[in-house]
Amino acid sequence: MGTNRAVVVSVILFTGLSLVLLAGEQPNFSGTWTLDPERSEMGRGGRGPGAGRFGAGRGAGRPREGDRQRGGGSGRRGRGAMGRGGMRGPLTIDHKEGLLVIRQTLNFRGEEQVRTSRFTTDGKESTNPGFGGMSTPSKTWWEGTRLVTESSMETPMGLMQSREVRSLSDDGKTMTVVRTTTGGPRERTQRLVYVKQTAP
């Protein structure tokens, strides 16, 4: 009887230790990040006259002279990652205790905008401001060492859904966000590469 109890206790302790170790492997995305346009791919796509209000701006889906293409034109790098309508500024993330707070600075047609979004990482629904004053519900959870966020938003051109997969390099200096958007005014896949800023 005592042996059986010892085995049960050992299994419980092993399971608990495994969960702790797995939790410890989850990366922390805190820091200030700058988009690397040369390594990023904004993707192609977009339809309808309102497409310029979403993503990088009007014209982001059309290749321009001097833009570099990769693998048959599935994405664009370099200057095209900025788009003509807007430019992505620094991205500041505060990540602790199951809460992810993202502060994004955007420059849209000469006007600086700051958007703050808050997500819990336990799969529960969070609601944040979207485009044009609309609310965007989303859910965020871990898939191994990657953080996944799925959201949906009603637009004048239909339901737009997005899935973001956020990962961190082994050295913690590079963050990659793969964003797939379907429906609404724009359908595309983006691969955004951010570099962590270091203190002077």
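Residues numbered from 1 in each chain as written. Predicted model: local features only at pLDDT ≥ 70, side-chain atom pairs only at ≥ 80, totals over all residues. Heavy atoms only, no water.

### Here we look at the nonpolar core
Judged by nonpolar contacts, the single largest core of 15 residues is most densely connected at L91, I93, M175 and Y194. Breaking this core down by element, the ones donating at least two residues are β1 (31-35), β4 (86-96), β5 (99-108), β11 (174-183) and β12 (188-196). For Y194, the contacting residues outside a window of four places in its chain are W33, T34, L35, D36, R88, L91, Q104, K173, T174, M175 and V177. (Core = buried A, V, L, I, M, F, W, Y, C linked by side-chain atoms within 4.5 Å. Buried < 20%, exposed > 50% of the residue type's maximum accessible area, 1.4 Å probe, protein only. Helix = DSSP H or I, 4+ residues; strand = E, 2+ residues; numbered from the N terminus. Contact = heavy atoms within 4.5 Å.)

### Comments concerning the pattern of salt bridges
Throughout the structure, instances matching the rule amount to five salt bridges. Close ionic contact of R163 with E143 constitutes a salt bridge, the shortest N to O distance being 3.5 Å. A residue pair is termed long-range when its members are at least 10 positions apart, and R163 in strand β10 (residues 158-168) and E143 in strand β8 (residues 135-143) qualify at 20 residues. Since its relative accessible area comes to 34%, E143 is described here as partly exposed. Here E164 ties to R166 by a salt bridge, and the two come within 3.3 Å at their closest N and O atoms. Summarising the burial analysis for this pair, E164 and R166 share the class buried. Through salt bridges with shared partners, a single network forms among E143, E150 and R163. (Salt bridge = Lys/Arg side-chain N within 4 Å of Asp/Glu carboxyl O.)

### Some details on the pairing of β5
Pairing of β5 with strand β6 (residues 111-120), which is carried by ten bridges, proceeds in the antiparallel orientation. Across the sheet, residue N107 finds its bridge partner in β6, namely E112. From the end of β5 to the start of β6, which pair antiparallel, there are two residues, and R109 there has a positive phi angle of about 55°. (Pairing = 2+ DSSP bridges.)

### Examining the confidence of the model for the protein
Overall, the predicted model of the protein reaches an average pLDDT of 74, with 62% of residues at or above 70. This stretch, residues 13-23, has a pLDDT under 50; its non-local contacts, to residues over four places away or in other chains, come to zero contacts. (pLDDT = per-residue confidence, 0-100.)

### A word on the packing of aromatic side chains
Enumeration according to the criterion identifies one aromatic pair in this entry. Look at F29 and W142: their rings are 6.3 Å apart centre to centre, the planes differ by 15°, and that puts the pair in the stacked class. On the criterion of sequence distance, the pair formed by F29 in the loop between α1 (2-25) and β1 and W142 in strand β8 is long-range, its members being 113 residues apart. F29 sits in the buried class, given a relative accessible area of 0%. (Phe/Tyr/Trp six-rings, centres within 6.5 Å; stacked < 30°, edge-to-face > 60°.)

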